[in-house]
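# Summary of structural features
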Amino acid sequence: MTTRPLNILLTGGTGYIGSHTAVVLQEAGHCVFIYDNFCNSDPAVSHTLQKITGQPFKTIQGDIRDTALLQQTLETHHIDAVIHFAGLKAVGESGTIPVDYYANNVQGTISLLQAMQAASNQPKTLVFSSSATVYGDPQYLPIDESHPTKATNPYGRTKLHIEEILGDLARADNTWRIACLRYFNPVGAHASGLIGENPNGIPNNLMPFVAQVAVGKLKQLNVFGDDYDTPDGTGVRDYIHVMDLAEGHLAALNYLGRSVGADSATNIHTFNLGTGRGYSVLEMVKAFESASARSVPFHIAPRRAGDIASCYASTALAAEQLGWTAKRDLQAMCDSSWYFQQNVSTSTGR
Ligand code: NAD
Ligand code: UD1
């Protein structure tokens, strides 16, 4: 446990994962500040967060490439630690506008690090949102943190470049405390149904797509391939409840807090955040139908370019070092996602 409440800045804190983490951190007694340019989120999320926790959230509108504003934010609010969620994340789009992805994700992270270095209060604790996408096509399962990395698209390469930059920084200056968290497939929503994943346009990811079919917004699901080497032929992934993921960030911060001043051989740490259990596309459809009591029509479509057959995490390192494991099951993931989807459809008519 950390010994005192921290002032924590969340870049991208009004986004899907950042907003759930904001709730967990605030409820753990920390003071949360959000920094976001709202390119993929709604400024109203900070009011929703206040509604959920009963406490105000200070939200600063800004781009992570604005180093001066970031530095000023870090100093004004006496920030102790940063969780860096801000980034562009659509794999397909990253192939179309790769330079934008490098500028936003890589250049944005360098700007953040420069601001943290320059800030008079010297906040040098950082948790970074990485992704299981850095492992590429798995050579073995479950994937542990020493599995070779090989990103297969520009989005994944931005994550790998950032991990390398953070490694160089940690080696150059041992006063930094850094955790890279490699998320598997985050799904689900907060139990209030007030925050969750609500992508613009047609969803790329399975769970929001299934939810929109169940609610009647989309006609049917395309199952991308049923000829993979998996038990039912459809792709297998390690879906993790976003609230478990959020709690993983609190555990990582506590871990970095414990390692301050310790004679640690290394001051950068990489952890998988997953459940260790894979589910197929058809298993997900079945679970969602049961949670929603709706049918989810689907048809088998060709494989999606770049997809892999199976991917799930070894969770041993996070369990051992962070004392964290995912607790919520597939039913809870589908129930919360369905509850959120119904709320969104009622409140926005879409
Ligand atoms: P999200 O798009 O919902 O949230 C990202 C937030 O960052 C948004 O609020 C967006 O407005 C903000 N943002 C983007 N660029 C910015 C910039 N230049 N300056 C300031 N704010 C900016 O995404 P998410 O699902 O919450 O993902 C958070 C992080 O986790 C991302 O870095 C993503 O790559 C990573 N990640 C996500 C997943 C996933 O499946 N959701 C999986 C692995 C890793
Ligand atoms: C995708 C990204 C990955 C990112 C992850 C979490 C790609 C190639 N990879 O991974 O970088 O970290 O999201 O955000 O985009 N599926 C369907 N029909 C659909 C949508 C998905 O059958 O309409 C299948 C996919 O083929 C896959 C599974 O569902 O087997 C999960 O897909 P998705 O949610 O997009 O996640 P990933 O492919 O694991």
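Just above sits the structure.
The structure reproduced in this document is the subject of the present report. (Residues numbered from 1 in each chain as written. Chains lettered and ligands numbered in written order. Predicted model: local features only at pLDDT ≥ 70, side-chain atom pairs only at ≥ 80, totals over all residues. Heavy atoms only, no water.)

## Section: the overall build of the protein chain
- If you tally the helices and strands in the protein chain, you get eleven helices and 14 strands.
- Compactness check: the protein chain gives a C-alpha radius of gyration of 19 Å against a globular reference of 20 Å for 350 residues, within 12% of the reference.
- With the C-alpha coordinates of the protein chain rotated into their principal frame, the extents come out at 55 × 45 × 40 Å.
- In the protein chain, which comprises 350 residues, the proportion classed as buried is 55%.
- The contacts of the protein chain with a sequence gap of at least 6 include a subset with a gap of at least 24, amounting to 80%.
- Averaging the coordinates of the 24 positive side-chain charges in the protein chain and doing the same for the 31 negative ones gives two points 3 Å apart. (Helix = DSSP H or I, 4+ residues; strand = E, 2+ residues; numbered from the N terminus. Rg over C-alpha atoms; globule rule 2.2 N^0.38 Å. Buried < 20%, exposed > 50% of the residue type's maximum accessible area, 1.4 Å probe, protein only. Contact = heavy atoms within 4.5 Å. Lys, Arg positive; Asp, Glu negative; His and termini not counted. Charge placed at Lys NZ, Arg CZ, Asp CG, Glu CD.)

## Some points on the sheet that holds strand S1 (residues 7–11)
- The seven strands lie next to each other as S3-S2-S1-S4-S5-S6-S11, forming an open sheet whose pairing is parallel. Both outer strands of the open sheet, strand S3 (58–61) and strand S11 (268–273), are each paired with one neighbouring strand and no more. Each strand axis lies, on average, 20° off the axis of its neighbour in the sheet, ignoring direction.
- Relative to S11, strand S6 (residues 177–183) runs parallel, the two sharing six bridges. (Pairing = 2+ DSSP bridges. Axes fitted to C-alpha atoms, helices over the stretch in contact; angles between N-to-C directions.)

## Considering the pairing of strand S4 (residues 81–84)
- Burial along S4 is two-sided: the residues Ala81 and Ile83 and Val82 and His84 are all buried.
- Across four bridges, the pairing between S1 and S4 is parallel. Bridge assignment links leucine 9 to a residue of S4, and that residue is valine 82.
- Note that S4 and strand S5 (residues 125–131) share four bridges and pair parallel. The residue of S5 that forms the bridge with isoleucine 83 is valine 127.

## So, the environment of threonine 125
- With respect to the secondary-structure elements, threonine 125 resides in strand S5.
- With 46 residues separating them along the chain, threonine 125 and isoleucine 79 place their C-alpha atoms 9.7 Å apart.
- Non-local contacts of threonine 125, meaning those with residues more than four positions away in its chain, are made with Asp80, Ala81, Val82, Met116, Arg177, Leu253 and Leu256.

## Some thoughts on unusual backbone geometry
- The amide bond that connects leucine 141 to the next residue, proline 142, takes the cis arrangement and shows omega of -10°.
- The residue proline 142 is located in the loop between S5 and helix H6 (154–172) in this model.
- Although it is not a glycine, phenylalanine 38 sits at a positive phi angle of roughly 60°.
- Positive phi values are uncommon outside glycine, yet glutamine 122 reaches one of about 50°.
- For glutamine 122, the location among the structural elements is in the loop between helix H5 (98–118) and S5.

## Some words on the site of ligand 2
- The immediate surroundings of ligand 2 are formed by 18 residues, with Leu206, Asn222, Arg237, Arg304 and Asp307 found nearest.
- Serine 131 is positioned such that a nitrogen or oxygen atom in its side chain is 3.2 Å from an oxygen atom of ligand 2.
- Here an oxygen atom of ligand 2 and a side-chain polar atom of aspartate 307 are 2.6 Å apart.
- Protein chains shield 87% of the accessible area of ligand 2, which is 740 Å² for the free molecule.
- Of all elements in the fold, only helix H7 (206–214) and strand S8 (221–224) reach the threshold of two or more residues within the shell around ligand 2.
- In terms of residue count, the dominant contributor to the shell around ligand 2 is S8 (four residues).
- Considered class by class, the residues forming the shell around ligand 2 number eight nonpolar, seven polar and three charged. (Near = heavy atom within 4 Å. Polar contact = N/O pair within 3.5 Å; in protein donor to acceptor, adjacent residues only side chain to side chain. Areas by Shrake-Rupley, 256 points an atom, 1.4 Å probe, with all protein chains shown as cover. Nonpolar A, V, L, I, M, F, W, Y, C, P; charged D, E, K, R; others polar.)

## Thoughts on the environment of glycine 257
- Mapped onto the secondary structure, glycine 257 falls in helix H8 (residues 242–259).
- Glycine 257 gets classed as partly exposed once you look at its relative accessible area, which sits at 39%.
- Glycine 257 sits 124 residues away from threonine 133 along the chain, and the two C-alpha atoms are 28 Å apart.

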